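# Chain and residue survey
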Number of protein chains: 2
Amino acid sequence: MDSLLKDGERIDSIGFGNLRLIQKSEDFCYGIDAVLLATFADINKSARVIDLGTGTGIIPLILSYRTQASEIFGVEVQENSYERGLRNILLNDLKERITLIRCDVKDLLKEQSVKSGSFDAVLTNPPYVKYGGGLKNKTESRMIARHETTAELSDFIKEASLLLREKGDFYMVHRPNRLADIMVLCRLYDLEPKRIRFVSPNKDSAPNIILLHCVKYGRPDLKFLNPLYVYTVEGNYTDEINALYERP
Amino acid sequence: MDSLLKDGERIDSIGFGNLRLIQKSEDFCYGIDAVLLATFADINKSARVIDLGTGTGIIPLILSYRTQASEIFGVEVQENSYERGLRNILLNDLKERITLIRCDVKDLLKEQSVKSGSFDAVLTNPPYVKYGGGLKNKTESRMIARHETTAELSDFIKEASLLLREKGDFYMVHRPNRLADIMVLCRLYDLEPKRIRFVSPNKDSAPNIILLHCVKYGRPDLKFLNPLYVYTVEGNYTDEINALYERP
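Assigned secondary structure in chain A consists of seven helices and eleven strands. Each of the 248 residues in chain A was classed as buried or not, and the buried ones make up 57%. When contacts within chain A are restricted to residue pairs at least 6 apart in sequence, those whose partners lie at least 24 apart make up 69%. As displayed, chain A offers around 10800 Å² of accessible surface, 46% of which is attributable to carbon and sulfur atoms.

Now for the packing of aromatic side chains. Tallied over the entire structure, the rule returns 13 aromatic pairs over all chains. Arranged with centres 5.3 Å apart and planes meeting at 10°, the rings of Tyr231(A) and Tyr237(A) form a pair that is stacked. The class of Tyr231(A) is partly exposed, set by a relative accessible area of 36%. By the ring-pair criterion, three or more aromatic residues cluster together here, those being Phe198(A), Phe224(A), Phe198(B) and Phe224(B). Across from the ring centre of Phe119(A), 4.6 Å away, lies the NZ or CZ of Arg48(A), which sits over that ring.

Moving on to the side chain of Asp51(A). Residues and elements named next belong to chain A. By the element assignment, Asp-51 lies in strand E3 (residues 48-52). Among buried charged residues, Asp-51 stands out as having no salt bridge; its nearest opposite-charge side chain is Arg-66, 13 Å away. Side chain to side chain, Asp-51 and Thr-54 meet in a polar contact 2.6 Å long. Beyond its immediate sequence surroundings of up to four residues, Asp-51 is in contact with Ile-59, Pro-60, Phe-73, Gly-74, Val-75, Leu-123, Thr-124 and Asn-125.

With a probe scaled to a water molecule rolled over the atoms, the places where space remains empty come into view. The tally for this structure, following the rule as stated, stands at five cavities of 30 Å³ or more. Of the volumes computed, that of the largest cavity is approximately 140 Å³. Lining the largest cavity are 14 residues, and of these Phe198(A), Pro207(A), Pro227(A), Phe198(B) and Pro227(B) lie nearest its centre. The set of elements that each furnish at least two residues to the lining of the largest cavity consists of strand E8 (191-200) of chain A together with strand E8 (191-200) of chain B. For the lining of the largest cavity, the residue count by class is ten nonpolar, four polar and no charged.

What follows concerns the side chain of Thr238(B). Structurally, Thr238(B) can be placed in the loop between strand E11 (228-229) and helix H7 (239-244). Take Thr238(B): its relative accessible area is 13%, and that puts it in the buried class.

All chains considered together, the criterion is met by 34 salt bridges over all chains. A salt bridge links Glu83(A) to Arg87(A); its shortest N-O distance comes to 2.8 Å. In this pair, Glu83(A) and Arg87(A) are both assigned in helix H3 (residues 79-91), four residues apart and thus about one turn of the helix distant. Taking relative accessible area as the criterion, Arg87(A) reaches 8% and is therefore assigned buried. Across the pair Lys203(B) and Asp204(A) runs a salt bridge, and its minimum N-O distance is 2.9 Å. Of this pair, Lys203(B) sits in the loop between E8 and strand E9 (209-216) while Asp204(A) sits in the loop between E8 and strand E9 (209-216), which puts the two residues in different chains. Through salt bridges that share partners, Lys6(A), Glu9(A), Glu83(A), Arg84(A) and Arg87(A) make up one connected network.

Attention now moves to the confidence of the model for chain A. All names here are of chain A. The predicted model of chain A averages 87 in pLDDT, with 87% of residues at 70 or higher. Within chain A, the element-level pLDDT minimum falls on helix H4 (residues 138-144), averaging 45, and the maximum on strand E6 (residues 119-124), averaging 98. Low pLDDT (under 50) marks residues 141-151, which in the prediction has 33 contacts with non-local residues, meaning those over four places away or in another chain. Two numbers describe this predicted complex: its pTM, 0.80, and its ipTM, 0.72.

Basis of the calculations
Once a new chain begins, its residue numbering starts again from 1 and follows that chain's sequence as written. Think of it this way: whatever chain is written first is A, whatever ligand is written first is 1, and the rest follow in order. Restriction of local features to residues with pLDDT of at least 70 applies here, the model being predicted, together with a cutoff of 80 or more for giving and counting side-chain atom pairs; totals for whole chains, interfaces and linings are based on all residues. Heavy atoms from the whole structure form the basis of all side-chain values; hydrogens and water molecules are not counted. Runs of E in the DSSP output that reach at least two residues are strands. Runs of H or I that reach at least four are helices, and both are numbered from the N terminus. Burial classes follow relative accessibility: with a 1.4 Å probe on protein chains only, a residue under 20% of its type's maximum area counts as buried, one over 50% as exposed, and anything between as partly exposed. By definition in these notes, contact holds between two residues if any of their heavy atoms fall within 4.5 Å. Note on areas: Shrake-Rupley with a 1.4 Å probe; residue coverage comes only from the protein chains shown. Only the six-membered ring of Trp is used, alongside the rings of Phe and Tyr, when aromatic pairs are assigned; centres must lie within 6.5 Å, and planes under 30 degrees apart are stacked while those over 60 apart are edge-to-face, with the rest tilted. A ring is considered to have a charge above it if a Lys NZ or an Arg CZ atom is located within 6 Å of its centre and within 35 degrees of its normal. In this tally, Lys and Arg are treated as positive and Asp and Glu as negative; His is ignored, and so are the chain termini. Only one rule defines a salt bridge in this text: a Lys or Arg side-chain nitrogen within 4 Å of an Asp or Glu carboxyl oxygen. By the criterion applied in these results, polar contacts are pairs of N or O atoms within 3.5 Å in which, for protein atoms, one can donate a hydrogen and the other can accept it, and in which residues neighboring in sequence qualify only through two side-chain atoms. Grid spacing is 1 Å over the protein atoms alone, the probe is 1.4 Å, and a cavity is where that probe fits but cannot get out, while a pocket is an open set with protein on both sides within 12 Å along at least five of seven lines and lining residues have an atom within 4 Å of a point. Grid points are joined across faces, edges and corners, and a volume is the space filled by probe spheres set on the points. Asp, Glu, Lys and Arg are counted as charged, while Ala, Val, Leu, Ile, Met, Phe, Trp, Tyr, Cys and Pro are counted as nonpolar; the rest, among them Gly, fall into the polar class. As a per-residue measure, pLDDT reflects the predictor's confidence and takes values from 0 up to 100.

In structure tokens, the structure reads:
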């Protein structure tokens, strides 16, 4: 197994049975956001699932453990992350279940293996940093005119919608300060917000993470779930967070 | 004072100093939503303020006590509520500070006394019931096509925007299940969501009320405030709710 490791890398156990992950301290390491998203998603048996911006594959790995999805894809544009993701799949002996695609999300539908409307669920933990790119079309331009440009976020939401079958599920984790952008873009691309969950560090603090479930062409009616608190007032993980790592 | 009362009516003390309110049990009585909204709003000295859908004037009454607004208006279309609101103003001796206008919100700018762009703050606790009315224009139609029609909510948000000066403040209380509609409509009418607060019955329950502060032509960046809990686990009002009724 050690031959899978490169200079400066380590192997971490990440809960979820025996799943392990190759990480490198100086690079981006996965955070609780990815775990929250992967455990928030309700994936049906035999579903075809894709994770946009998968990094080193943490979300596909957790889904392979927690769900009976028949095919799990991950898309990552950065070479370093993609390559480490491939080794994570080998390390966990999951190449029969998980396929990684190295590709910009915007170019995904140009890939021969990827067809629009062919996925039952799309997940994404997109980059949170705002990006000053161009606007995609006039309607969008109208909606976010005089506001920030949201090219990055809009790419993820637009592609998710294109990839999903009708009534397919979209799951996203993001930051509360982008809530207005998220709602506007989901509506614009026919992903109707159906369930939202706010995650706070503890019971006395404002939420700092949003978990959102949309349904393509869903009927409008947004259900708020109970808030999720990560830490107790004593600073330990709450029972609910600890339970996430157990087999469902 | 009793001459201000009609058959079946009573006078309630409502906190906020000596404020009193004429109510009639079989009609709509004010709820905690109005109190939450009136205390959430941060109104500057000498501001011109208007409350859309004011009912019997509960929000203008609280604002007259809590703020140094120079002019406070309330708009109500229903004759019964409007007329009782007039008597509430007399009862509390506030006719120098509060003006009620009997008018449909959609027709407000036809009133001689009301000019667009002339208000520093607009508040609204609109009807929560969905309404199957017509759509207002093509862009809106596009955004809410295949979704519910939101004519009532869109009227309140659109008129609020027209009434506000640039950088003016919009404060709304509503239900979480309309969050997507609210975000889309606020963006559409240039009211940028800046602060949001979720109100839950208690710490273990999902939010059932949203308090939203938008700024006309504001820069996009939505701040989440700490959640507000109405009751303790023992079923009493929380300290924060009790404190709302005190002079700030």
